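# Examining the three-dimensional arrangement
The primary structure of each chain is shown beneath.
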Amino acid sequence: MIKILLDPGHGGRDPGAVYQGLKEKDLTLAIAMKLKRLLEKDFQNLQVKLTREKDETLSLLERTKLANRWHADLLVSIHINAGKGKGFESFIYHGQYPHKTNTMRLRNMIHTSIIDTTGFRDRGKKEANFHILRESSMAAILTENGFIDHEQDARLLSQDTFLDRIARGHVEGLAKALDLGRITVDPNNRQYYMIRHGDTLWQIAKQQKTSVQHLIHLNPDIDIRRLQIGQLIRLK
């Protein structure tokens with residue numbers, strides 16, 4: 001079970017960057033909520049959690065403590081930039097640490113997917129000494145999704161459909177980077193999932209909020225003791 005922690009930047013008393021009615025804390029929460037819904041709808045064998053699901057104040061220390069206590073496999077901190085620049089950039093911790101090569105690999109895939117999906121100007125893959133990256137014990141990346149104080153970026157960020165694109169860019173990057181198991185839908189609106197290494201029928205039922213008995217009913221030929229990697233099972 002892959003555990004992904006999404007961190008919508010700022011919140012509560014800390015609005016983050018503000019420009020002409022737009023607030024970073026609102027945009028980051030909207031993107032994170034969309035991202036969580038897409039991951040849970042389209043993929044199996046993962047858990048997704050947010051550091052905050054409402055407009056509340058959380059310190060950086062509280063965020064990294066939550067990530068470390070939950071033993072997330074990946075932390076994605078979502079932000080909006082400011083400073084009259086334009087476009088998208090991403091960050092990982094600049095120091096040396098055992099999982100840096102893997103963190104860089106994950107970040108590179110997610111970064112590329114966001115650029116391809118949004119059309120943002122690519123400001124580069126960067127490193128920094130940010131607390132959220134330094135103090136988390138798992139692979140951690142920070143995304144800066146456009147500039148709130150740039151006229152063109154701000155116009156895009158004010159559109160809910162564009163926030164959908166930002167979320168989708170993160171999703172497709174995560175799917176590729178983490179090799180997530182995608183749920184497919186046939187022309188009759190039946191959902192299927194391809195069995196992957198380590199899957200159990202109990203785990204699949206739990207994530208789908210159904211029962212093992214219901215999955216067995218939908219898949220009468222399945223051998224619950226010997227799930228086959230690559231085997232398609234019907235979910236709905």
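Here goes a summary of the coordinates provided. In this numbering scheme, every chain counts its residues from 1 along its sequence in written order. Per-residue local features are limited, in this predicted model, to residues with pLDDT of at least 70; the limit for side-chain atom pairs, both in listing and counting, is 80 or more; totals at the level of whole chains, interfaces and linings are taken over all residues. Only hydrogens and water are removed before side-chain values are computed, so all heavy atoms of the structure are retained for them.

## Re the overall build of the protein
Runs of H or I in DSSP of at least four residues are treated as helices and runs of E of at least two as strands, each being numbered from the N terminus. The helix and strand inventory of the protein stands at eight helices and 12 strands. When the backbone C-alpha atoms are referred to their principal axes, the protein occupies close to 60 × 40 × 30 Å. Taken over 236 residues, the protein has a buried fraction of 51%. Contact criterion: two residues are considered in contact whenever any of their non-hydrogen atoms come within 4.5 Å of each other. Sequence separation of 24 or more characterises 74% of the internal contacts of the protein that already satisfy a separation of 6 or more. To sort residues, take the accessible area from a 1.4 Å probe on protein chains only and compare it with the maximum for the residue type: under 20% means buried, over 50% means exposed, and anything in between is partly exposed.

## Some remarks on the pattern of salt bridges
Salt bridges, as used here, are contacts in which a Lys or Arg side-chain nitrogen is within 4 Å of a carboxyl oxygen on Asp or Glu. On inspection of all chains with the given rule, the structure shows 13 salt bridges. With its nearest N and O atoms 3.0 Å apart, the salt bridge here joins Glu-127 to Lys-100. Here Glu-127 is found in strand E8 (residues 122–128), whereas its partner Lys-100 is found in helix H3 (residues 100–118), with 27 residues between them in sequence. Among the residues examined, Lys-100 registers a relative accessible area of 9% and is labelled buried. Of the charged contacts in the structure, one is a salt bridge between Arg-134 and Glu-135, with a shortest N-O distance of 2.8 Å. Taken together, the shared-partner salt bridges connect Lys-41, Asp-42, Arg-168, Glu-172 and Arg-182 into one network.

## Describing H3
To estimate how far a helix should reach, multiply one less than its number of residues by 1.5 Å. Given a rise of 1.5 Å per residue, 19 residues ought to cover 27 Å, and the 26 Å separating the end C-alpha atoms of H3 matches this to within 8%. All buried positions along H3 are accounted for by Lys-100, Thr-103, Leu-106, Arg-107, Ile-110, His-111, Ser-113, Ile-114, Ile-115 and Thr-118. If you follow the buried residues of H3, they end up packed against strand E6 (74–81), strand E7 (88–93), E8, strand E9 (139–147) and helix H6 (160–178). A positive phi of about 80° marks Gly-119, the residue just after H3.

## A closer look at the nonpolar core
By convention a nonpolar core is built from buried Ala, Val, Leu, Ile, Met, Phe, Trp, Tyr and Cys residues, the set being connected through side-chain atoms within 4.5 Å. With 56 residues, the main nonpolar core has Leu-35, Leu-39, Leu-74 and Leu-174 as its most contacted residues. The element contributing the most residues to this core is H6, with nine residues. Once you skip the residues sitting within four places of it in the chain, Leu-174 turns out to touch Leu-35, Leu-39, Leu-74, Val-76, Ile-110, Asp-179 and Leu-180.

## Some details on the sheet that holds strand E12 (residues 232–234)
Spatial ordering of the open sheet is given by E4-E10-E11-E12, a layout of four strands whose pairing is antiparallel. Only two strands of the sheet have a single partner each, and these edge strands are strand E4 (43–44) and E12. Strand pairing follows a simple DSSP-based rule, namely that at least 2 bridges must link the two strands.

## Some thoughts on the pairing of strand E10 (residues 181–185)
In terms of strand pairing, E4 meets E10 through two bridges, oriented antiparallel. Among the inter-strand pairings, Phe-43 is bridged to a residue of E10, identified as Arg-182. Both E10 and strand E11 (residues 191–194) contribute to a ladder of three bridges, which runs antiparallel. Opposite Ile-183, over in E11, you have Tyr-193 as the bridge partner. Here E10 hands over to E11 after five residues, with Asn-189 in that stretch at a positive phi of 65°.

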